[in-house]
Each structure stands twice: as C-alpha cells, then as structure tokens.
Amino acid sequence: MIAPDGGRPVHRAPGAEQAPAGGRRLATALVSLVLLAWIATVYVLVLVADGLSNTHTRPDWWAHVLAIVLVAATVVPVRRWLRLTVDDLVYGHLDTAYTVLTELNRGIDTAAPDPAGSDPTLARTIANTLNVPYVAIVNGTTETSVVGQRPSDRGLADVPLSYQGTEIGHLYVAPRHPGTSLSNRDLRLLADLGQQLAVALFAIRASEQVQDSRAALVTAREEERRRIRRDLHDGLGPALASMKLQLTAVQRLLETDPARAAQLLGEVRQGMNETTADIRRLVYGLRPPLLDDLGLVAALRNHPSAHAGLQLSVQPDELPELPAAVEVALYRIASESIHNAVRHSGGQHCQVSIEVAADEVCMRITDDGRGLPEPLVDGVGVSAIRERAAELGGSVELTSDGGTTIRTVIPLRPSGPP
Amino acid sequence: MPRSRNYTIAAVLAGLLSLANTVVALFLLPQGSDKVNQSSNQPPYGVILVEVVIGLIGLVGAYAVYRTQRWGVILTLVLMAINVLISLPGIPFGPTTFDKVSSAVGLVVAAAAIYFLLRRDTRSEAKAELHA
C-alpha cells in the first residue's frame, strides 16, 4: 500500500506493478512546478494590487499577510486538483489507446481458458496499464478476473460489457485515489476496452456452451442406449426365453397331451403378440414410424389424441422435406401440445399450422379452450416442449388469448461438414 | 482517441503566446547583447534568448497538444508554468506600462493554457466528443 494523496492509503493490486518511478517523479515535478507558479502568482498579484491602491514604494505589511493567507488557503485544494489531473495526464493513456488495446489482446490470448477460474491476467493487464488499484471483470454473475481489493462503490466505474445487444458482464474499475473518480478520458478508454472484453467473454461463454452441449449430447446418447438395453434385456429377452421354454414343453407334450400343447401354443402366440407390440413401442420411441410412412402432416392428422373429442386441422397439406431431427421435434412438440389441449383446454378445435421459411420453420398450435392459468408454471409437458425446441436451437412461446397458442420456431441450418 | 476541446483551446493559447514571445524576442535579438543590456526599457539579453528558445519549443509543444500527444501536453505545461514565472516580475517591475500590461496578458494566457491543459472534460463534453 502506498499513500500518495494526503496520507490516505491506496490498496494496490497484489501482483500489480507499481507506477514506474519515472512516472512518479515526473508527476511530482509537474505538480511542484505548477504549484510554484500558482503560489508566486497569488503572492505577486496581491502585492501588485496593493501597489496600485497606494503610492508607497514598498508593499504594506498587511499585503504580505493577505498574500500568505491566500496562498495557505488555496495551496491544498490546488495541489489536490493538480495531483489528480497530472496523474491522469502522466498515467492515463492519452495517446496510447492502441498500446493498451494491444496489451489487453495479449492478456486475452494468454488468459486461462477456464472462465470460471480466477485468472487475474486480464484484470492485471488493465490495472497495470491504467495504474488503478482495483479491476474486476464479471462474466454474467461470476467474477472471472479480479485484481486488488474492492473499494467502496462510490467512484467505482461500472462499464457494461455487451455484445450484439446482449449484456455479457461488467467491468469494474476503481479510481486511482480514494474519494475521486476516473476521468472521462479514462472512461472512454474503458468503454473501448470493454468492447474487446465483451467479444472475448462472449467467445469464452460460447465455447462453454458448446462444451456443455457436447456433454449433454453424450449423456443423452448414453441414456438412450441404456433405455434400449434395459428394454431389450428386461422385456424382450425374458419374453423370448419364456416362449422358448413354452415351445420346449409343447414339443414334449405334442404326442402325450395334444390338448395341453395346443393351449401352450396359444399362450406362446399371445406372448409373441405382446413382444411384437413391445418392439413396436421401442421402435416408435426411436422415431415415430408414421413420419416415415405418412409424413409429418398426415402423421399429425392421424395422431391418436386427435380422435379424442377434439377437431384437429393441420395446415398446409404438404411440406417441403425437413431435416429428420426437426421433423421428429415438431412431431413430438405437436403431440404433446395436442395431448395437453385434449386434457386441459376444454376446447373443441385445435389448429396446427406450419410455415417453412428458408432459414427456419415455425409451427403454431392454437386451441379454442379456456387458455393458460395465471400465473403459468411450466409443467413436465411444457418443459419437455421447450427442451425439444432448445435442443435444435429453437424457442417456444406460449400465449393465451381466448385459447392457447404455442408458437415454436426452429432454425434450419444447412448441413455441412462438421 | 477524439481530441478534447480543452486541448484545442490550450493549444491555441499556448501557440499564440509562444508565437508572440518568439516574434518579440526575435525583433530584439539583432540589437546585440550590449545594447539590450544597456537599455533600461528592455529585459536582459539572456531572458530574450530564453524567450526565443521557449517560444520555439512552445510552438512545437502547442502543435503536439493539438495532435493530442501526451509529451506535448507535458512539455507545454512546463513551458507555460515557466512563462508564468517569467511574466510575474514584469508586472510590478516592468519599466513601462506597455511592459507591465504585456506581462500581465502573458501571465493570464499562460495560466489559462495551464488550466485548459489540466481541466478534465465534463460528461457532456465527453459525450459530445463520442458522438462527433
């Protein structure tokens, strides 16, 4: 800690470089020189005023006293003002904004890639180049890079970091001296630095999201495999083993007890029917076969929920070919929405309209029921709808105006090499 | 970085003062040191030499201030402070009224230049520069 201003301590960043000795000496010399000019000017002007008011060759004694009083009264505030402004001049980056940006870019390049960590490289770069005691970079709500001890909020500069209209975080910078504030020149430089930081933080966050997305995909794939394995092992396997035993018994009873054998064969056939249904359910879980057989529109029109007292209309009659994942997502979302309409809306009609644009597909499902409850709390079904849309980068919007409208937008990305 | 209005004003003031000092000193220089030192109406020859040097450097510094160069601001600050100190004796001890008035004017201009060099931009000025 050093006390450059009236003995008040300034917390220096641990690891942050102190101001260069040359800079300190220059600032002190400038302050001293200008202060000397001020003191001399005040003194001489008082004596000159005294000389103008009388004809004495020597100034009156009270003129000296008045000059000393005036100098004493003004020297402290003038010195403080000089200290602040000269520090801004010496330590600020009046003509070195490019250098600061270069330093920051170097810091971004060498900073630890883990944004959740507390790598102080970026904050230290800013603290050193601006010679400020405290810098904190907040990514979202996490302090990703901090140098120094946070002073009181008074005077703390808060630079919002935003990219493409989205707020990424904040850059907090303390003034050089307690009880003061950064100059507007510093704030302008910080705003420029903030733009660079926002891009870097956005890239870090996007990288994080990609990593999370990859992990989610792997987890989902493994969960799906486990479910299929469980279905095959616990359902299909025992059923086939049971049928094998029954057929063995039939073989043994065929000559001795044909009636019992016939009864067992009937049970085997019943078991085969159930197994076939299980396999169908398993396959349906992977991808609804109706989509392949009939297409999305006809599959929705033939959805079982559509025949449970709700008049369902699906538009348009034909759709261009959609990516398989989008088609399945739309089908699942529509199924869940129609199911909810049947169970909860109390309406008579439900309309599904699908619009395919060049870069996105929009599906709107509207019923004429009682609408959504207030306040709306997402249940399992609505959460599943949102998750399915989010998996493909889409969004879901629920509105209630007489009935309920669920608007789903899913982007259509051109498939290319990974 | 956009140029501050304060620096523009300071550059103009420092430039004018340096130019005036240089021109006046250059008119006096050809008289020679003996004649100047013997005259009771003129400053010492050494002071005139210093004024020429300070004036020329001040012109360079003023241009650097106009270009928003930090070294120019520091240089001009030093020169204007020296100008204040040089002008001060001329106010009470100037041999003629013209000398006293010109010293006072030089003092005021140098002090104003220092003020504008060190003055922080107001928020409205900073915004105006950003939108310029």
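Residues numbered from 1 in each chain as written. Chains lettered and ligands numbered in written order. Predicted model: local features only at pLDDT ≥ 70, side-chain atom pairs only at ≥ 80, totals over all residues. Heavy atoms only, no water.

1. Here we look at the overall build of chain A
Quick reminder of the rule: Secondary structure elements are defined from DSSP: runs of H or I of at least 4 residues count as helices, runs of E of at least 2 residues count as strands, and each element is numbered from the N terminus. Relative accessible area decides the class of each residue, using a 1.4 Å probe on protein chains only: under 20% of the type maximum gives buried, over 50% gives exposed, and in between gives partly exposed. Should any heavy atoms of two residues lie within 4.5 Å, those residues are considered in contact. Accessible areas in this description were obtained via Shrake-Rupley with a 1.4 Å probe; residue shielding takes into account the shown protein chains only.
Secondary structure summary: chain A contains 10 helices and 11 strands in total. Each of the 418 residues in chain A was classed as buried or not, and the buried ones make up 39%. Considering only contacts within chain A whose residues lie at least 6 apart along the sequence, 62% involve residues at least 24 apart. Just so you have it, chain A exposes about 23600 Å², and 56% of that area is on carbon and sulfur atoms.

2. Points about the sheet that holds strand E11 (residues 403-411) of chain A
All names here are of chain A. Stated formally: Strand pairing is defined by DSSP finding a minimum of two bridges between the two strands. Every angle, taken between N-to-C directions, lies between 0 and 180 degrees, and every axis is a line fitted to C-alpha atoms, over only the stretch in contact when it is a helix.
On the basis of which strands lie adjacent, the open sheet formed by five strands has the order E7-E8-E9-E11-E10 and mixed pairing. Both edges of this open sheet fall to strand E7 (311-315) and strand E10 (395-401), since each of them pairs with a single strand only. Across this sheet, the average inter-strand angle for adjacent strands is 10 degrees, counted without regard to direction. Bridge count between strand E9 (residues 360-367) and E11: eight bridges; the pairing is antiparallel. Looking at E11, one finds that Ile365 is bridged to Ile406.

3. Points about helix H2 (residues 61-91) of chain A
Filter applied, for reference: A helix is expected to span 1.5 Å multiplied by its residue count minus one. Each residue is assigned a bend, namely the angle between axes fitted to the seven residues that terminate at it and the seven residues that start at it.
Under the 1.5 Å per step criterion, the end-to-end length of H2(A) is 43 Å for 31 residues, consistent within 8% with the ideal 45 Å. Largest kink in H2(A): about 40 degrees, centred on Val75(A), with the proline Pro77(A) one to four residues after it.

4. Comments concerning the pairing of strand E5 (residues 157-163) of chain A
All names here are of chain A. Bridge count between E5 and strand E6 (residues 166-173): seven bridges; the pairing is antiparallel. Pairing of Tyr163 across the sheet is with Thr166, part of E6. Between E5 and E6, which pair antiparallel and follow one another directly, the connecting turn spans two residues, one of which, Gln164, has a positive phi of 55 degrees.

5. Overview of a nonpolar patch on the surface
Residue and element names in this part refer to chain A. Convention followed: Patch rule: a residue counts if its relative accessible area is over 30% and it has no salt bridge; like charges are joined within 9 Å, and nonpolar side chains (Val, Leu, Ile, Met, Phe, Trp, Tyr) within 5 Å. What makes a salt bridge here is a side-chain nitrogen of Lys or Arg within 4 Å of a carboxyl oxygen of Asp or Glu, nothing more.
On the surface, Trp61, Trp62, Val65, Leu66, Val69 and Leu70 cluster together into a nonpolar patch covering about 600 Å² of accessible area. Looking at where Trp62 falls in the secondary structure, it is placed in helix H2. By relative accessible area, which is 39% here, Trp62 ends up partly exposed.

6. Side note on the environment of Ser242(A)
With respect to the helices, strands and loops of the structure, Ser242(A) is situated in helix H5 (residues 184-256). C-alpha of Ser242(A) to C-alpha of Gly271(A): the two residues are 29 residues apart in sequence and 8.7 Å apart in space.

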